[in-house]
Amino acid sequence: MADQLTLDIAKDWLARFGTAVQEHKAHLTELDSAIGDADHGSNMARGMTAVNDAVAGSAPAALDEMFKSVGMTLVSSVGGASGPLYGTFFLRFGVAAGETDSIDAAGLLATLQAGLGGITDRGKAEAGDKTMVDAMAPALDAFAASLADGGGLADAARAAATAAAEGRDATAPLVARKGRASYLGERSVGHVDPGAASTAMLFEALAASVT
Amino acid sequence: MSPPSRVGIVVVSHSAPLAHAAVALATEMVAEDPPAIVVAAGTADGGTGTDATAVAAAIEEADEGSGVVALLDLGSAIMSAEMALEFLTGDIEVRLVPAPFVEGLVAAAVRAAAGAGIDEVAREAADALAPKLSQLGERGDHRDGATQEAPVESDADARATAVIVNVAGLHARPAAAIAATVGRLGADVRIGAGGRWADAASPTSLAILAAAPGTTVEIVGRGPSAQDGVDAVVALVESGFGEEIAAEESGEQKGFTPDTGGEARSAAAAPLSAPLGVSAGRVVGPVRQAAAPAQEPPARMVPEAERTAQAERIAPACAHVAQLLRETAARVDGERAAVLEATAAIALDRAVREGAESRCREGSTAERAIWQAAGEIAVALREAGGVIAERATDVLDVRDRVIAVLEGRELEAARTVDPHVLVAVDLAPADTVELDPSTCLALVTERGAPTSHTAIIARELGIPAVVGASGATTIPDGTEVMVDGGTGEFVIEPDRAQRATVRERIVPEPLEAAGATADGAAVALLANIAGAHEAREAASWGAEGVGLLRTELAFLGRADEPSVEQQTREYGEVLAAFPQKRVVIRTLDAGSDKPVPYLPLAAEPNPALGVRGFRTATVHPDLLARQLDAIVAAITGGDAQTWVMAPMITTPDEAAEFASLARAAGIGQVGVMIETPAAAVMAGQVAAEVDFMSIGTNDLAQYVMAADRQSTDLAHLTDPWQPAVLAMIAEVGRAGEAAGIPVGVCGEAASMPDLAPVLVGLGISSLSMAPRALGPVAASLAAASLETCREAARAVVGARSSSQARADAAQRLGA
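Given the structure is predicted, the values throughout are model-derived calculations rather than measurements.

## Notes on the overall build of chain A
- A count of helices and strands for chain A gives nine helices and two strands.
- For chain A, the sequential pattern of α-helices and β-strands runs β-α-α-α-α-α-β-α-α-α-α.
- Counting every position in chain A, which comprises 211 residues, the buried fraction comes to 56%.
- Look at the contacts in chain A between residues 6 or more apart in sequence, and 66% of them connect residues 24 or more apart.

Here it is as C-alpha cells:
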C-alpha cells in the first residue's frame with residue numbers, strides 16, 4: 001500500500017495501462033468501429049508500446065521529465081485524436097507534478113486535474129458529449145471525495161477506477177457531439193465511447209499500481 | 001515590415017495520400033511558382049493519423065518569414081495542429097484556418113503564390129466554400145464578397161415579396177436598374193432569394209442571387225425611404241424590367257438577324273462543348289490575337305500610415321473609368337451604348353469599390369486591392385453560372401481599366417488596318433464596341449456564350465462570330481482560319497475546297513441606286529458617322545452622303561481641345577470620302593451630358609436638361625468659333641457639299657444666332673437639329689432662320705415623352721412609333737415644306753425599314769442611318785409610292801398608341 005506516487009509506481013502504472021490496452025486492443029477497436037474509424041485499440045496499443053519502450057530505455061530522475069516524455073511519445077505515435085488528447089493529459093500531468101520523484105495523494109489529484117484540464121482545452125469536450133471526459137471527470141470527483149472522507153491513495157484510486165468504469169458505461173445512451181462519432185449523431189446511441197473505455201483502463205491500472 | 005518572402009502553407013491530414021493529392025491539385029493552379037507547401041499527414045509508420053510534432057516541424061519548414069497558414073482535414077488534425085502551436089519555439093505567425101480542406105488549400109495556394117499577406121491568405125481559404133454553396137444553392141450562413149446577412153425581422157420598416165417574371169431573370173441589366181432606382185431614392189433595401197441576401201444598391205451583389213424566372217424574391221427596406229424603396233423594387237420586378245419591350249429596341253439589329261435573339265436565349269444555358277456560332281457569316285482570314293489582359297499587380301505591404309491614402313485612390317479611379325466608358329457610350333448607338341452604360345455602372349458599384357477600399361486598409365496597394373476585389377466578384381459571378389456568369393468579363397474589364405488609370409496608363413484597344421480574324425479568350429464590352437467591322441472579318445473567342453457581349457455586338461455589326469473555341473488563343477498570329485458564325489465551324493488552315501465555300505457569306509446589300517419611292521420621289525439615303533474611317537466605310541456601303549457627322553470623337557476623351565489644324569485634318573478626311581456629295585457636319589455636342597475637361601461647366605442635377613449642345617456655346621463661344629474655322633478650312637480644300645448644323649436648339653433666336661455665327665465664318669448651308677419639343681412646335685419660325693433642319697428622333701422622343709432614353713424600363717415610351725413623337729415630326733415636316741427647306745431625320749427612327757415610308761410621308765426628304773441599314777431602308781421605300789407613304793403618315797398621326805401606329809402603317813403599306 002503506497003501513499004506516494006513514486007517513479008517506480010508511475011512506471012508500473014504505465015506498464016499496466018500498456019498491457020491493458022494491448023490485451024483489449026480488439027475490444028477498443030471494436031467499440032471504435034461502431035462509432036468511429038476503428039483505430040482506437042491499435043492506436044493506443046502502438047502509443048503505449050512506444051511509451052513503455054521509451055520509459056524502459058531511459059532513467060528519468062523526476063516525474064515531470066518522465067511524463068513529458070510520455071506525452072510527447074503519445075503525440076507522435078498514436079495517430080488518432082487520442083494522441084493529442086492523452087499526450088496533452090500526460091504533458092500537463094508532468095508539468096503539474098514538477099521536478100520531483102514522488103507526489104502524495106493530494107498532489108496526484110492536482111496533477112490528474114491538470115491533465116483533465118489539458119484534455120478539455122484540447123478537445124473542447126464537456127460532460128455528456130460522449131467522450132473520455134465522461135469517464136475521467138467522475139473518476140477525479142470520486143478520487144477527491146475519497147480523500148475528503150479520509151481515504152488514502154489506494155482508496156482514492158480504487159474509487160476513481162470504479163467511477164471511471166461507471167462513467168464509461170454511462171456513455172452508451174449518449175449522442176456523440178465531438179470527434180468523428182459526432183457525424184453519426186443519433187446513430188452513435190447504444191455504443192460505449194472507446195475513449196471513455198481506455199480511460200477506465202487508465203484508472204484501473206492506477207488503482208492496481210498503488211494497491 | 002514588408003518581408004520579401006511569401007506565406008507558407010502546411011497541410012495537415014490523417015492521410016498522406018489525401019494530402020499529397022490535394023497538394024498536387026492546388027499546385028496545378030500555381031505551377032509557375034508555387035509557394036512553400038509542406039505536408040504533415042499520416043503516422044510515421046505510414047498509417048492513418050496525425051502527429052503534432054510533425055505538424056510543428058512542417059510549420060517551421062514552411063515558414064519563410066511571412067508566416068504560415070495551415071489547412072486541416074478533420075478530428076485529430078485540428079487538435080494536432082493546435083497542439084503543434086504549443087511546440088513551436090520560434091516566433092512564427094500561424095493561422096489555423098477553418099476552411100474546407102481542398103477548396104481552402106487551392107485558394108490559399110493561389111493567394112500565397114501571388115504574394116498575399118497571411119491574413120488575406122487565411123481569409124481567402126476560409127471563404128473558399130462560398131462558391132460551392134452558391135453553385136449548389138445551399139442555404140447557409142456563408143458570406144462571400146457580395147452577399148449580405150439576412151436582415152433581422154424587427155429591423156424591417158417595409159417588407160414585400162415579388163416574383164421574377166422576365167425570361168432572363170435577375171441578370172446584370174435588371175440588377176443595374178434596381179440599384180439605380182434604390183440609389184436614387186437613397187433607400188436601404190435588401191433583396192433575398194434562395195436564402196441569400198443582396199444589397200439592392202449593388203448590381204453585382206444582386207446578380208449573385210441568380211434569381212431565375214419564377215423565383216419569389218423578398219424585399220426588405222430600412223430607414224426613412226424604406227417604403228418607397230421597397231415599392232419601387234416591387235414595381236421593377238413585376239414589370240419584368242421592361243425586357244419584353246427591350247427586344248424591340250433595335251430595329252436595325254432585328255432587321256438583319258430576326259432569329260438569333262430567341263435561339264440565343266434558349267441556348268444560353270447549354271454548356272459549350274464545341275465552338276458555337278453566334279453571329280452568321282462565313283469568312284477566311286488571318287488570325288490576330290487580341291492583347292493580353294492586364295497583369296496581376298505585385299503584392300506589397302503598405303505601411304499603416306499610407307493605407308488611407310491608398311484607399312482614397314480607389315473611388316476617383318473608378319469614377320474616371322465610368323466617365324470614360326460613358327463618353328464612349330455617347331459616341332455609339334443602340335445595344336453598344338447600353339452595354340457600355342452597364343459596364344460604367346459596374347465601375348461605380350459599391351461592392352467593387354468597398355471591397356477594394358477595405359483591402360487597402362489592410363495594407364494592400366490600390367492596384368492590387370481592385371484586382372482582388374473585382375476578381376472575387378468575378379469568381380462569384382462565374383460560379384453563379386448561366387447568364388450571370390457571362391458578366392464576369394465585364395467586371396474584369398472594369399478591373400483592368402481601373403488598374404490602368406491607377407497606373408497612369410490609358411487603356412487603348414489595339415487597332416489594325418489589315419483585315420483579320422480577331423481571337424481572344426473573351427472580349428470585353430469596350431473591345432467589341434471599338435471593333436472596326438471594315439477590318440475585323442470575324443470574332444473567335446474561347447469563352448463567351450450566345451448572349452455575351454461578343455455575340456450581341458457581333459450581330460449588331462454584322463461580323464461573323466464563333467464562341468467557345470477552346471485553344472484558339474494558342475493559334476499564331478497570321479494563321480489562316482475559316483470561321484462560320486452560323487454553323488460554328490472553325491477551321492485552321494482551310495483547304496481550297498473549304499475556302500471555296502466562303503462565298504456563301506450573307507451580308508446586307510450595299511446601296512446600288514439613289515433612294516426613291518416606287519414612283520420615283522427622291523429620298524436621300526445618308527450615313528451617320530463619327531470619323532474619317534467610318535466615312536470611307538459608309539461610302540463603300542453606297543451612302544449618298546453623310547447626314548450626321550458627329551464631331552465629338554475629336555473632342556471627347558482627351559485632356560485638351562484639339563487644335564484647329566487637327567480638326568481641319570479630321571473633317572477634311574471625311575469630306576474626301578464623299579466628293580461632290582452632301583456631308584452634314586454637326587458642331588460639338590458636348591456639355592453636361594457628355595463632359596469634356598476643357599469645357600468647364602458647373603455640375604448639374606439633370607444633365608439632359610442642362611447646358612448641353614448649342615447651349616454650351618453661350619458659355620464657351622470660342623470653342624464653337626474655332627470649330628467653325630476648322631470646318632471652313634476643311635471645306636476650302638475639298639469639293640463635297642458641306643452643310644453645318646448645331647445640336648440642341650430650343651428657340652428661333654438660338655437658330656438665328658447659330659446661323660449668323662456660321663454664315664459669318666463662311667459656311668454656305670446652315671441648319672439646326674430639331675431635338676426639343678420647343679423647336680418642333682416653333683419649327684415654322686426656326687425654319688425661317690436656316691437652310692435645312694434635321695430631326696434627332698432619339699432626343700426628341702426623350703423630351704416629348706419625358707422618358708430617359710437610357711432607361712430600359714421606359715423603352716416603350718421612347719419608341720419613335722409613339723404617335724406624339726410622330727406628330728412632332730409631322731409638324732417639322734410641314735414647316736420645312738412651307739419654308740421650302742429640306743428636313744431630314746438622323747435618329748434611330750431613320751434606320752427602321754418599316755418606319756421609313758411613314759417619315760417620307762410626313763415630309764422628310766433625307767434619312768441618315770448606320771450604313772448597314774441603307775439597303776433594307778432603300779428596299780422598303782422602293783415598295784411604296786409617295787401617296788401611299790402620305791396615307792400611312794396620316795394614319796399614324798391619328799393613332800392612339802405605338803402598336804396601333806405600327807399596325808395602321810403596315811396596313812396602308814401592304815406589309
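There is more to say after this.
## So, the overall build of chain B
- Looking only at helices and strands, chain B features 34 helices and 24 strands.
- Residue pairs at least 24 apart in sequence account for 72% of intrachain contacts in chain B once pairs closer than 6 positions are excluded.

## Topic: the pairing of strand β22 (residues 692-695) of chain B
Residues and elements named next belong to chain B.
- Burial of β22 is two-sided: the residues Phe-692 and Ser-694 facing one way and the residues Met-693 and Ile-695 facing the other way are all buried.
- Bridge count between strand β21 (residues 669-674) and β22: four bridges; the pairing is parallel. Counterpart to Val-672 in the pairing with β22 is Met-693.
- In this structure, β22 lies alongside strand β23 (residues 743-745), joined through three bridges in parallel fashion.

## Brief notes about the interface of chain B and chain A
- With 15 residues of chain B at the interface, the matching set in chain A holds 18 residues.
- For the side of chain B that touches chain A, the leading source of residues is helix α3 (residues 76-87) of chain B, giving five residues.

## Quick word on the sheet that holds strand β18 (residues 545-550) of chain B
Residue and element names in this part refer to chain B.
- An order of β17-β18-β19-β20-β21-β22-β23-β24 is seen for the eight strands of this closed barrel, with the pairing classed as parallel. Taken over all neighbouring pairs, the strand axes of this sheet differ in orientation by 25 degrees on average, direction set aside.
- When strand β17 (residues 524-529) meets β18, the two strands line up parallel, connected through three bridges. When the sheet's bridge partners are listed, Asn-528 is paired in β18 with Leu-548.
- Sheet contacts for helix α22 (residues 532-540): β17 and β18; angle to β17, the most-contacted strand, approximately 150 degrees.

## Regarding helix α9 (residues 194-210) of chain A
- With 17 residues, α9(A) extends 25 Å from end C-alpha to end C-alpha; this agrees with the ideal 24 Å at 1.5 Å per step.
- With 16 of its 17 residues buried, α9(A) lies for the most part within the structure.

## A closer look at the packing of helix α5 (residues 82-97) of chain A against α3(B)
- Where α5(A) contacts α3(B), the axes come no closer than 8 Å and their chain directions differ by 40 degrees. As judged from the angle between their axes, α5(A) and α3(B) are oblique. Residues A:Gly83, A:Pro84, A:Leu85 and A:Thr88 of α5(A) touch α3(B), and the partners they reach there are B:Ser76, B:Met79, B:Ser80 and B:Met83.
- The residue makeup of the contact of α5(A) with α3(B), split by class, is four nonpolar, four polar and no charged.

## Some remarks on unusual backbone geometry
Residue and element names in this part refer to chain B.
- The residue Met-648 is not glycine, and still its phi comes out positive at about 60 degrees.
- You can see Met-648 is positioned in the loop between β20 (641-646) and α26 (652-665).
- Even without being glycine, Ala-706 reaches a positive phi, approximately 55 degrees.
- With respect to the helices, strands and loops of the structure, Ala-706 is situated in the loop between α29 (697-705) and α30 (723-739).

## What to know about the nonpolar core
- Judged by nonpolar contacts, the single largest core of 116 residues is most densely connected at A:Ala160, B:Val10, B:Val11, B:Ala70 and B:Leu71.
- Looking at this core element by element, the count peaks at 10 residues for α9(A).
- When near neighbours in sequence (up to four residues on either side) are disregarded, B:Leu71 contacts B:Ile9, B:Val11, B:Val12, B:Val97, B:Ala99, B:Phe101, B:Gly104, B:Leu105, B:Ala108 and B:Ala125.
- Counting 99 residues, the second-largest nonpolar core is a separate cluster that includes B:Ala524, B:Leu575, B:Met645 and B:Leu755.

## Things to note about the confidence of the model for chain B
Residues and elements named next belong to chain B.
- Here chain B averages 81 in pLDDT, while 82% of its residues score no lower than 70.
- For residues 244-273, every residue scores under 50 in pLDDT, and the model assigns this stretch 42 contacts once sequence neighbours within four places are set aside.
- Reported for the predicted complex are a pTM of 0.40 and an ipTM of 0.75.

## A few points about the sheet that holds strand β4 (residues 94-97) of chain B
Residue and element names in this part refer to chain B.
- Spatial strand order, β2-β1-β3-β4: four strands in an open sheet with parallel pairing. Two strands in the sheet have a free side with no partner beyond their single neighbour: β2 (37-41) and β4. If you compare each strand with its neighbour and ignore which way they point, the axes differ by 20 degrees on average.
- Looking at chain direction, strand β1 (residues 8-13) and β2 are connected through five bridges and run parallel. Bridge pairing links Ser-13 to Ala-41 in β2.
- Lying over the sheet, helix α4 (residues 101-113) contacts β1, β2, β3 (68-72) and β4, oriented at roughly 160 degrees with respect to β3.

## Overview of helix α23 (residues 564-576) of chain B
All names here are of chain B.
- The first and last C-alpha atoms of α23 sit 18 Å apart over 13 residues, in line with the 18 Å expected at 1.5 Å per residue.
- Of the positions making up α23, those classed as buried are Gln-567, Thr-568, Tyr-571, Val-574 and Leu-575. One side of α23 carries all its buried residues, which in axial view fall inside an arc of 125 degrees. For α23, the exposed residues set more than 90 degrees away from the buried face come down to Glu-565 and Gln-566.

## Some points on the environment of B:Ala232
All names here are of chain B.
- Here Ala-232 shows up in helix α9 (residues 226-238).
- Here Ala-232 falls in the buried class, since 21 other C-beta atoms lie within 10 Å of it.
- Put simply, Ala-232 and Leu-185 are 47 residues apart on the chain and 9.0 Å apart in space, counted from C-alpha to C-alpha.
- The residues touching Ala-232, leaving out its near neighbours within four places in the chain, are Thr-181 and Leu-185.

## Quick look at the environment of B:Thr616
- In this structure, B:Thr616 sits in helix α24 (residues 616-619).
- Ignoring any residue separated from it by four or fewer positions in sequence, one finds B:Thr616 in contact with B:Ala590, B:Gly591, B:Leu599 and B:Val611.

## Comments concerning the environment of B:Trp721
All names here are of chain B.
- In this fold, Trp-721 is placed in the loop between α29 and α30.
- What makes Trp-721 buried here is the crowd of 24 C-beta atoms within 10 Å.
- The spacing of Trp-721 and Ala-805 is 84 residues in sequence and 6.4 Å in space, taken between C-alpha atoms.
- Here Trp-721 is in contact with Leu-755, Ser-802, Ala-805 and Arg-806, once residues within four sequence places are set aside.

## Looking at the packing of helix α2 (residues 25-35) of chain A against α9(A)
Residue and element names in this part refer to chain A.
- Where α2 contacts α9, the two axes come as close as 9 Å, and the packing angle between them is 155 degrees. Considering the angle they form, α2 stands roughly antiparallel to α9. Counting all contacts with α2, which are made through Leu-28, Leu-31 and Asp-32, the residues of α9 involved are Pro-194, Ala-197 and Ser-198.
- Residues of the contact of α2 with α9, tallied by class, amount to four nonpolar, one polar and one charged.

Calculation criteria
Residues numbered from 1 in each chain as written. Chains lettered and ligands numbered in written order. Predicted model: local features only at pLDDT ≥ 70, side-chain atom pairs only at ≥ 80, totals over all residues. Helix = DSSP H or I, 4+ residues; strand = E, 2+ residues; numbered from the N terminus. Buried ≥ 20, exposed ≤ 12 C-beta atoms within 10 Å, placed from the backbone. Contact = placed C-beta atoms within 7 Å. Pairing = 2+ DSSP bridges. Axes fitted to C-alpha atoms, helices over the stretch in contact; angles between N-to-C directions. Expected span 1.5 Å × (residues − 1). Parallel < 35°, antiparallel > 145°, perpendicular 65-115°, else oblique. Nonpolar A, V, L, I, M, F, W, Y, C, P; charged D, E, K, R; others polar. Core = buried A, V, L, I, M, F, W, Y, C linked by C-beta atoms within 7 Å. pLDDT = per-residue confidence, 0-100. Arc of directions from axis to C-beta.

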